[in-house]
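Summary of structural features
Residues per chain, in single letters:
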Amino acid sequence: MKFVTTPIYYVNDAPHIGHIYSTLLADVISRYHRLRGEKVFLTTGTDEHATKVVEAAKINNLSTDEWAKRNATAFAGAFQNYNIHFNDFIRTSESRHKDEVSKRVSELIETGDVYLGKYEGWYDSGQEEYVNETVAKQNSYHSAINKKPLMKRTEPCYYFRLSSYQNEIKSLIESDSIRIIPQSRKAEILSRINEGLNDVPCSRPKTEDWGVEIPGDSTQIVYVWIDALLNYLTTIDNDELRECWPPELHIVGKDILWFHAVIWPSMILALQNKKNNEWIKLPKAILAHGFWIRDGVKMSKSLGNFISLPVLNSYAEKYTIDGIRFFLMLNGPNDSTDSDFNDAKLQETYNAHLANALGNSCSRVISMIAKYFDSIVPVSEQSPLIDVYKINEFIAKSINKQNVFNVKVQIELGMSIIKEVDSFIHINEPYKLAKDPLRREELSLILNNAIEALRIASLLLWPIIPQKIEELWLALDYRPGFKLNDFDWGTSLAGHTIVEKLNLFPRA
Ligand code: MSP
């Protein structure tokens, strides 16, 4: 079983394109695993114990509980609407999670990895992050992310003994035992570790009835990040799922990589100090993606260029949910650079790749089979005329472990097969052969090969645009086995009765 996770989202506000993107990336990668017959457990959810959630609830005249629930429902609904297939949706306010946090924090107190101290310094309340003097000064005592002034805090607090794990974490990352993708982010993290790791605050004074108390000290609440990271354990810490551990992949945005690459693995090393926790191994990989920006500038509500869920949904009405999924995956910031969301590019991507290339190719081949073979896929005994060698090369590349996290390469491979089919048709001109009854066998061979190649391309594209591909499969009366041998040439559609016409992606 491959355990794949997304960040859990703050419920102070409604979902937006960034949240959809992180979760979609996890869905697509999980679907590539599933397509090859591998079992996946994908979790997502909401991070509810942040102070900013309490504040937002007050502003909106609701109890924190109601406000959190309302937004958690919005997140889950949005993910379902974008056809994201998750196995668990965890809310940190659930008792299963609060119990897990109490249990793990008390273990860390027992091992001495969590101890009582005093915090005097800066806090970024938008990011819910403690900021050291050097970084605070560099940014003129403003948040590096949202540019708001930092808060000065002086308060008793518990610390996590991060400093103990500096050398171990460094070598685990250097050796790729914890793999950080992309490479440029790995270098950034290592250079920050080399600046030295100090112990970090892991609690705050309890000011309202929200969050998880530090075990044995009802005046302190577990710091929201320590609480949130433990969600990954909560979802699988039961007899049925414990064997899913360790995580195959944590998907995160670049702004929260530090927590996942350094703090979280150190917490795991600390938990391993406790007997019976030997099974809590380190995550295998962490993928940090970049940010969506809009028309070249950072998105923000005040600039009015923000892609909120309703804005994204209105695009989906025009280009379909799968059209949006395709655009986000093809043009998204799945590596170290940020990506620009712009209307013209969305329209162009949709028309060029989905309406013209994929949609058109399917509709042409299907309508020729309807016209020349009464919608029954022709059988052909002859060896294939299309370049099967080349197609198999694309498949091998897609299955290669190196590419499993690279959705752009996967799209490219699927679309390359479509191009192959188009040029095959262009060169062999079946519509001309159809006029000559003596060349019927050749015509069978060509259309048989073309639809078989489309079947294989459809497999590679299913993780990206599952609804439309499933529509195509229904039209072809095809049910893949979700096994590696689905990719074998000739697991053929020959003899299937298919639809007469299909327009998967009307031109926009
Ligand atoms: N609650 C924490 C995560 C805890 S994980 C144990 C958090 N939540 S968040 O709601 O603020 O952000 C969640 C994710 O959305 C992050 O991965 C972040 O990078 C991503 N995005 C937020 N804005 C984004 C863009 N504009 N573009 C792409 N992703 C961005 O952080």
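First, a word on scope: everything that follows refers to the structure included in this document. Everything numeric here is computed off the predicted structure, so don't read it as measured data.

Here we take up the environment of aspartate 217. Relative to the helices and strands, aspartate 217 resides in strand β11 (residues 217-222). For aspartate 217, a relative accessible area of 15% corresponds to the buried category. Remark: the alpha-carbon pair of aspartate 217 and phenylalanine 373, spanning 156 residues in sequence, is separated by 77 Å. At 2.7 Å, the side chain of aspartate 217 forms a polar contact with the side chain of tyrosine 158.

Lining the immediate surroundings of the ligand are 23 residues, of which Ile8, Asp47, Gly253, Asp255 and Trp292 lie closest. A distance of 2.8 Å separates an oxygen atom of the ligand from a polar atom in the backbone of glycine 253. Protein burial of the ligand: of its 670 Å² of free accessible surface, 92% is covered by the chains. Elements with a minimum of two residues in the shell around the ligand: β1 (2-10), α1 (17-35), α8 (224-229), α9 (231-236) and β12 (249-253). In terms of residue count, the dominant contributor to the shell around the ligand is β1 (four residues).

A word on the packing of aromatic side chains. This structure, assessed with the given rule, holds 27 aromatic pairs. Summarising the aromatic geometry, the rings of tyrosine 21 and tryptophan 292 are spaced 5.9 Å apart at their centres and angled 85° between planes, so their arrangement reads as edge-to-face. Of this pair, tyrosine 21 sits in helix α1 while tryptophan 292 is found in strand β14 (residues 292-294), placing the two residues 271 residues apart along the sequence. A residue is classified by how much of its surface remains accessible, and tyrosine 21, at 0% relative accessible area, is buried. Look at tyrosine 232 and tryptophan 264: their rings are 5.8 Å apart centre to centre, the planes differ by 55°, and that puts the pair in the tilted class. A residue pair is termed long-range when its members are at least 10 positions apart, and tyrosine 232 in helix α9 and tryptophan 264 in helix α10 (residues 257-271) qualify at 32 residues. Neither tyrosine 232 nor tryptophan 264 differs from the other in exposure class; each is buried. For arginine 153, the ring lying beneath its charged end belongs to tyrosine 123, and the centroid distance is 3.9 Å.

What follows covers the pattern of salt bridges. Under the definition given, this model contains 27 salt bridges. The salt bridge partner of aspartate 27 is arginine 31, with a shortest N-O separation of 3.0 Å. With a gap of four residues between them, aspartate 27 and arginine 31 both fall in helix α1, about one helical turn apart. Residue aspartate 27 shares its accessibility class with arginine 31, and that shared class is buried.

A few words on the pairing of strand β4 (residues 114-124). Summarising the sheet, β4 and strand β6 (residues 151-160) pair through 10 bridges and their orientation is antiparallel. For tryptophan 122, the partnering residue across the bridge sits in β6 and is lysine 152.

Take the side chain of threonine 6 next. As for its position among the elements, threonine 6 is in strand β1. Looking at threonine 6, its side chain comes within polar contact range of the side chain of threonine 44, at 2.7 Å. If we skip the residues at most four places from it in the chain, threonine 6 touches Ser22, Thr23, Ala26, Leu42, Thr43, Thr44, Gly45, Tyr232 and Ile251.

Of note, the amide linkage connecting isoleucine 181 to proline 182 takes the cis form, showing an omega dihedral of -5°. Locating proline 182 in the fold gives a position in the loop between β7 (179-181) and α7 (183-194). The step from tryptophan 245 to proline 246 runs through a cis peptide bond, and the omega angle for that step is 5°. Summarising the element assignment, proline 246 is placed in the loop between α9 and β12. At asparagine 83, a position not held by glycine, the phi torsion is positive, near 60°. Structurally, asparagine 83 can be placed in the loop between α3 (64-81) and β3 (88-91).

Let's shift gears to the sheet that holds strand β9 (residues 203-205). Reading across the sheet, the three strands line up as β9-β11-β10 and stay open at both edges, with antiparallel pairing between neighbours. The outermost strands of the open sheet, each flanked by one partner alone, are β9 and β10 (213-214). Bridge count for β9 against β11 is three bridges, and the pairing is antiparallel. When the sheet's bridge partners are listed, proline 205 is paired in β11 with glutamine 220.

This paragraph deals with the sheet that holds β6. Spatial ordering of the open sheet is given by β5-β4-β6-β8, a layout of four strands whose pairing is antiparallel. The two strands at the open ends of the sheet, each matched to only one other strand, are β5 (129-131) and β8 (200-201). In this fold α10 packs onto β5, β6 and β8, with an angle of close to 35° to the strand it touches most, β6.

How each quantity is defined
Residues numbered from 1 in each chain as written. Predicted model: local features only at pLDDT ≥ 70, side-chain atom pairs only at ≥ 80, totals over all residues. Heavy atoms only, no water. Helix = DSSP H or I, 4+ residues; strand = E, 2+ residues; numbered from the N terminus. Buried < 20%, exposed > 50% of the residue type's maximum accessible area, 1.4 Å probe, protein only. Polar contact = N/O pair within 3.5 Å; in protein donor to acceptor, adjacent residues only side chain to side chain. Near = heavy atom within 4 Å. Areas by Shrake-Rupley, 256 points an atom, 1.4 Å probe, with all protein chains shown as cover. Phe/Tyr/Trp six-rings, centres within 6.5 Å; stacked < 30°, edge-to-face > 60°. Lys NZ or Arg CZ within 6 Å of the ring centre and 35° of its normal. Salt bridge = Lys/Arg side-chain N within 4 Å of Asp/Glu carboxyl O. Pairing = 2+ DSSP bridges. Contact = heavy atoms within 4.5 Å. Axes fitted to C-alpha atoms, helices over the stretch in contact; angles between N-to-C directions.

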